[in-house]
Amino acid sequence: MASNSATSLFLTLFLITQCLSVLTAAQDFDFFYFVQQWPGSYCDTKQSCCYPKTGKPASDFGIHGLWPNNNDGSYPSNCDSNSPYDQSQVSDLISRMQQNWPTLACPSDTGSAFWSHEWEKHGTCAENVFDQHGYFKKALDLKNQINLLEILQGAGINPDGGFYSLNNIKNAIRSAVGYTPGIECNVDESGNSQLYQVYICVDGSGSDLIECPVFPRGKCGSSIEFPTF
(Lines give C-alpha, C1' and ligand atoms only; values in the text may rest on other atoms or scores of the structure.)
Protein backbone atom coordinates (compact mmCIF):
# COMPACT_ATOMS: atom_id res chain seq x y z
CA MET A 1 0.00 0.00 0.00
CA ALA A 2 2.76 2.41 0.95
CA SER A 3 4.46 1.72 -2.35
CA ASN A 4 1.24 2.41 -4.29
CA SER A 5 0.73 5.67 -2.38
CA ALA A 6 4.26 6.77 -3.13
CA THR A 7 3.79 5.95 -6.80
CA SER A 8 0.52 7.90 -6.92
CA LEU A 9 2.14 10.89 -5.23
CA PHE A 10 5.05 10.78 -7.66
CA LEU A 11 2.71 10.67 -10.67
CA THR A 12 0.64 13.54 -9.29
CA LEU A 13 3.72 15.68 -8.74
CA PHE A 14 5.02 14.79 -12.20
CA LEU A 15 1.75 15.83 -13.86
CA ILE A 16 1.67 19.09 -11.90
CA THR A 17 5.24 19.83 -12.98
CA GLN A 18 4.40 19.15 -16.62
CA CYS A 19 1.32 21.39 -16.46
CA LEU A 20 3.36 24.21 -14.91
CA SER A 21 5.98 23.78 -17.61
CA VAL A 22 3.37 24.12 -20.35
CA LEU A 23 1.81 27.15 -18.66
CA THR A 24 5.21 28.78 -18.33
CA ALA A 25 5.97 28.25 -22.02
CA ALA A 26 2.54 29.44 -23.18
CA GLN A 27 2.42 32.81 -21.46
CA ASP A 28 -0.79 34.80 -21.55
CA PHE A 29 -0.67 38.06 -23.50
CA ASP A 30 -3.22 40.39 -25.05
CA PHE A 31 -1.96 41.32 -28.51
CA PHE A 32 1.10 41.50 -30.75
CA TYR A 33 3.19 44.45 -31.84
CA PHE A 34 4.35 44.00 -35.44
CA VAL A 35 7.40 46.23 -35.70
CA GLN A 36 9.16 47.43 -38.83
CA GLN A 37 12.29 49.60 -38.80
CA TRP A 38 13.83 51.99 -41.30
CA PRO A 39 17.44 50.93 -41.98
CA GLY A 40 18.56 54.47 -42.78
CA SER A 41 17.67 55.55 -39.25
CA TYR A 42 19.22 52.46 -37.66
CA CYS A 43 22.49 53.26 -39.43
CA ASP A 44 22.41 57.07 -39.10
CA THR A 45 23.47 57.18 -35.46
CA LYS A 46 26.76 57.46 -33.57
CA GLN A 47 26.70 53.69 -33.17
CA SER A 48 26.29 53.19 -36.95
CA CYS A 49 25.59 49.69 -38.34
CA CYS A 50 26.99 46.73 -40.25
CA TYR A 51 25.42 45.23 -43.34
CA PRO A 52 24.68 41.50 -43.28
CA LYS A 53 27.07 39.13 -45.01
CA THR A 54 24.57 38.86 -47.86
CA GLY A 55 25.19 42.54 -48.68
CA LYS A 56 23.46 45.87 -48.22
CA PRO A 57 19.72 45.37 -47.61
CA ALA A 58 17.14 46.93 -49.89
CA SER A 59 16.14 50.53 -49.24
CA ASP A 60 12.95 49.41 -47.56
CA PHE A 61 11.52 48.96 -44.10
CA GLY A 62 12.70 45.70 -42.55
CA ILE A 63 11.01 43.55 -39.93
CA HIS A 64 12.22 43.98 -36.38
CA GLY A 65 9.84 41.52 -34.80
CA LEU A 66 6.42 40.22 -33.83
CA TRP A 67 6.15 40.79 -30.09
CA PRO A 68 3.51 39.48 -27.67
CA ASN A 69 2.40 42.35 -25.44
CA ASN A 70 -0.08 43.17 -22.68
CA ASN A 71 -2.66 45.92 -22.51
CA ASP A 72 -0.83 47.52 -19.57
CA GLY A 73 2.37 47.86 -21.61
CA SER A 74 4.19 44.95 -20.00
CA TYR A 75 5.26 41.93 -22.02
CA PRO A 76 6.43 38.35 -21.49
CA SER A 77 9.89 37.36 -22.66
CA ASN A 78 12.14 34.30 -22.94
CA CYS A 79 9.28 31.97 -22.13
CA ASP A 80 10.65 28.57 -23.15
CA SER A 81 14.33 27.74 -22.80
CA ASN A 82 13.56 24.28 -24.19
CA SER A 83 12.63 25.73 -27.59
CA PRO A 84 15.79 27.21 -29.17
CA TYR A 85 15.84 28.70 -32.65
CA ASP A 86 16.19 25.92 -35.22
CA GLN A 87 16.95 27.20 -38.71
CA SER A 88 16.01 23.85 -40.26
CA GLN A 89 12.40 24.57 -39.29
CA VAL A 90 12.33 27.72 -41.43
CA SER A 91 14.61 26.64 -44.29
CA ASP A 92 11.92 27.43 -46.87
CA LEU A 93 11.62 30.97 -45.49
CA ILE A 94 15.30 31.94 -45.32
CA SER A 95 15.44 33.82 -48.63
CA ARG A 96 12.37 35.86 -47.61
CA MET A 97 13.89 36.50 -44.20
CA GLN A 98 17.17 37.68 -45.70
CA GLN A 99 15.27 40.11 -47.88
CA ASN A 100 12.60 41.33 -45.45
CA TRP A 101 14.14 40.72 -42.01
CA PRO A 102 17.82 41.72 -42.44
CA THR A 103 20.21 42.25 -39.56
CA LEU A 104 22.10 45.54 -39.25
CA ALA A 105 23.92 44.72 -36.03
CA CYS A 106 27.68 44.61 -35.76
CA PRO A 107 29.71 42.53 -36.35
CA SER A 108 28.38 41.42 -39.74
CA ASP A 109 26.22 38.32 -39.59
CA THR A 110 24.05 36.13 -41.79
CA GLY A 111 20.92 37.10 -39.85
CA SER A 112 20.66 33.92 -37.80
CA ALA A 113 21.69 35.62 -34.54
CA PHE A 114 18.96 38.25 -35.00
CA TRP A 115 16.30 35.68 -35.85
CA SER A 116 17.38 33.47 -32.97
CA HIS A 117 17.03 36.41 -30.56
CA GLU A 118 13.57 37.29 -31.85
CA TRP A 119 12.31 33.72 -31.57
CA GLU A 120 13.77 33.00 -28.16
CA LYS A 121 12.82 36.33 -26.57
CA HIS A 122 9.43 36.90 -28.20
CA GLY A 123 8.34 33.92 -30.28
CA THR A 124 8.57 31.40 -27.44
CA CYS A 125 5.96 33.44 -25.58
CA ALA A 126 3.44 32.80 -28.35
CA GLU A 127 3.88 29.06 -28.78
CA ASN A 128 0.21 28.57 -27.95
CA VAL A 129 -0.50 30.52 -31.18
CA PHE A 130 2.42 29.76 -33.52
CA ASP A 131 5.05 27.11 -33.88
CA GLN A 132 8.46 28.36 -35.00
CA HIS A 133 7.69 28.19 -38.73
CA GLY A 134 4.29 29.80 -38.23
CA TYR A 135 5.80 32.64 -36.21
CA PHE A 136 8.30 33.68 -38.87
CA LYS A 137 5.85 33.15 -41.72
CA LYS A 138 3.25 35.34 -40.02
CA ALA A 139 5.70 38.21 -39.65
CA LEU A 140 6.75 37.90 -43.29
CA ASP A 141 3.12 37.84 -44.41
CA LEU A 142 2.38 40.95 -42.36
CA LYS A 143 5.30 42.70 -44.04
CA ASN A 144 3.75 41.88 -47.43
CA GLN A 145 0.39 43.14 -46.20
CA ILE A 146 1.74 46.40 -44.76
CA ASN A 147 4.08 48.00 -47.31
CA LEU A 148 5.09 51.06 -45.32
CA LEU A 149 7.45 52.56 -47.88
CA GLU A 150 4.82 52.38 -50.61
CA ILE A 151 2.24 53.88 -48.26
CA LEU A 152 4.46 56.81 -47.26
CA GLN A 153 5.71 57.52 -50.77
CA GLY A 154 2.12 57.51 -51.97
CA ALA A 155 1.53 60.37 -49.54
CA GLY A 156 4.59 62.29 -50.74
CA ILE A 157 6.73 61.24 -47.77
CA ASN A 158 10.05 60.03 -49.14
CA PRO A 159 13.35 58.81 -47.64
CA ASP A 160 15.25 61.78 -49.01
CA GLY A 161 16.72 63.24 -45.84
CA GLY A 162 13.89 65.73 -45.58
CA PHE A 163 11.71 66.53 -42.57
CA TYR A 164 8.05 65.56 -42.46
CA SER A 165 5.18 66.17 -40.07
CA LEU A 166 4.77 63.36 -37.57
CA ASN A 167 1.00 63.72 -37.87
CA ASN A 168 1.17 63.41 -41.66
CA ILE A 169 3.17 60.19 -41.31
CA LYS A 170 0.65 58.75 -38.86
CA ASN A 171 -2.31 59.83 -40.96
CA ALA A 172 -0.86 58.31 -44.14
CA ILE A 173 -0.37 54.94 -42.46
CA ARG A 174 -3.76 55.04 -40.73
CA SER A 175 -5.52 55.87 -44.02
CA ALA A 176 -3.88 52.89 -45.76
CA VAL A 177 -3.96 50.30 -42.98
CA GLY A 178 -7.12 51.34 -41.15
CA TYR A 179 -5.45 51.62 -37.75
CA THR A 180 -3.31 54.17 -35.94
CA PRO A 181 0.38 53.27 -35.89
CA GLY A 182 2.82 53.77 -33.07
CA ILE A 183 5.87 55.72 -34.22
CA GLU A 184 9.26 55.45 -32.54
CA CYS A 185 12.07 57.87 -33.32
CA ASN A 186 15.79 57.80 -32.71
CA VAL A 187 18.39 60.52 -33.04
CA ASP A 188 20.96 61.01 -35.78
CA GLU A 189 24.53 62.20 -35.25
CA SER A 190 23.38 65.81 -35.45
CA GLY A 191 20.70 65.32 -32.81
CA ASN A 192 17.75 65.33 -35.20
CA SER A 193 14.69 63.21 -34.44
CA GLN A 194 14.20 60.68 -37.23
CA LEU A 195 11.65 58.05 -38.24
CA TYR A 196 12.95 54.78 -36.83
CA GLN A 197 10.25 52.17 -36.10
CA VAL A 198 6.57 51.73 -36.89
CA TYR A 199 4.33 49.60 -34.66
CA ILE A 200 1.10 48.06 -35.93
CA CYS A 201 -1.02 45.96 -33.55
CA VAL A 202 -2.37 42.48 -34.23
CA ASP A 203 -4.92 40.62 -32.10
CA GLY A 204 -3.83 37.87 -29.71
CA SER A 205 -4.71 35.12 -32.17
CA GLY A 206 -2.39 36.64 -34.76
CA SER A 207 -5.26 36.94 -37.24
CA ASP A 208 -6.40 40.55 -37.53
CA LEU A 209 -5.00 44.05 -37.27
CA ILE A 210 -6.44 46.05 -34.38
CA GLU A 211 -6.17 49.48 -32.76
CA CYS A 212 -3.24 49.42 -30.37
CA PRO A 213 -4.38 49.14 -26.73
CA VAL A 214 -1.19 50.94 -25.71
CA PHE A 215 1.56 52.62 -27.70
CA PRO A 216 5.29 52.18 -27.19
CA ARG A 217 7.02 54.84 -25.19
CA GLY A 218 9.27 57.12 -27.15
CA LYS A 219 9.52 60.76 -28.04
CA CYS A 220 9.38 62.17 -31.54
CA GLY A 221 9.48 65.78 -32.58
CA SER A 222 6.49 67.25 -34.39
CA SER A 223 8.68 67.26 -37.51
CA ILE A 224 10.97 64.28 -38.07
CA GLU A 225 13.64 63.33 -40.57
CA PHE A 226 13.22 60.46 -43.04
CA PRO A 227 16.87 59.72 -43.88
CA THR A 228 18.20 58.12 -47.03
CA PHE A 229 19.60 54.61 -47.07
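Residues numbered from 1 in each chain as written. Predicted model: local features only at pLDDT ≥ 70, side-chain atom pairs only at ≥ 80, totals over all residues. Heavy atoms only, no water.

1. Examining the nonpolar core
A general trend in soluble globular proteins is that nonpolar side chains are found buried together.
Part 1: Residues Met97, Phe136 and Ile173 are the most contacted members of the largest nonpolar core, which totals 48 residues.
Part 2: Contacts of Met97, omitting those with residues within four sequence positions, involve Tyr85, Val90, Pro102, Trp115, Phe136 and Leu140.
Part 3: Among the nonpolar cores identified, the runner-up in size contains seven residues, and Tyr33, Tyr199, Cys201 and Cys212 belong to it. (Core = buried A, V, L, I, M, F, W, Y, C linked by side-chain atoms within 4.5 Å. Buried < 20%, exposed > 50% of the residue type's maximum accessible area, 1.4 Å probe, protein only. Contact = heavy atoms within 4.5 Å.)

2. Focus on the state of the cysteines
Part 1: This model, assessed by the stated rule, comprises five disulfides.
Part 2: Residue Cys185 pairs covalently with Cys220 via a disulfide, S to S 2.0 Å. Taking the torsion about the S-S bond as the criterion, the Cys185 to Cys220 disulfide, at about 110°, is right-handed. One end of the pair, Cys185, is in strand 4 (residues 182–187); the other, Cys220, is in the loop between strand 6 (209–210) and strand 7 (223–225), with 35 residues separating them in the sequence. (Disulfide = S-S within 2.5 Å. Helix = DSSP H or I, 4+ residues; strand = E, 2+ residues; numbered from the N terminus.)

3. Examining the side chain of Asp109
Part 1: Mapped onto the fold, Asp109 is located in the loop between helix 3 (94–100) and helix 4 (112–121).
Part 2: Buried charge without a partner: Asp109 forms no salt bridge, and the closest opposite charge is Lys53, 6.4 Å away.
Part 3: At 3.2 Å, the side chain of Asp109 forms a polar contact with the backbone nitrogen of Ser112.
Part 4: In contact with Asp109, other than residues within four places in its own chain, are Pro52, Lys53 and Thr103. (Lys, Arg positive; Asp, Glu negative; His and termini not counted. Salt bridge = Lys/Arg side-chain N within 4 Å of Asp/Glu carboxyl O. Polar contact = N/O pair within 3.5 Å; in protein donor to acceptor, adjacent residues only side chain to side chain.)

4. Describing the pairing of strand 4
Part 1: Of all the six residues making up strand 4, five are buried; the element is thus mostly covered by neighbouring parts of the structure.
Part 2: Strand direction decides the pairing type here: strand 4 and strand 5 (residues 193–203), joined by six bridges, are antiparallel. Directly across from Val187, in strand 5, lies its bridge partner Ser193.
Part 3: Between strand 4 and strand 5, which follow one another and run antiparallel, lie five residues, and Gly191 among them has a positive phi close to 90°. (Pairing = 2+ DSSP bridges.)

5. Observations concerning the UniProt feature "active site" (unreviewed entry) in the protein chain
Part 1: According to UniProt, the "active site" (unreviewed entry) feature falls on His64, Glu118 and His122. The largest pairwise C-alpha distance within this set of annotated residues, which runs over 59 residues, is 11.2 Å, so the set is compact in three dimensions. Lining the largest pocket, from the residues named above, are His122.
Part 2: Looking at the secondary structure, you find Glu118 in helix 4.
Part 3: Among the polar contacts listed, one links the side chain of Glu118 to the side chain of Trp67, at a separation of 2.8 Å.
Part 4: Structurally, His122 can be placed in the loop between helix 4 and helix 5 (132–145). (UniProt positions renumbered as here; feature names shortened; annotations may be inferred. 1 Å grid on protein atoms, 1.4 Å probe; cavity = no way out; pocket = protein on both sides within 12 Å on 5 of 7 lines; lining within 4 Å.)

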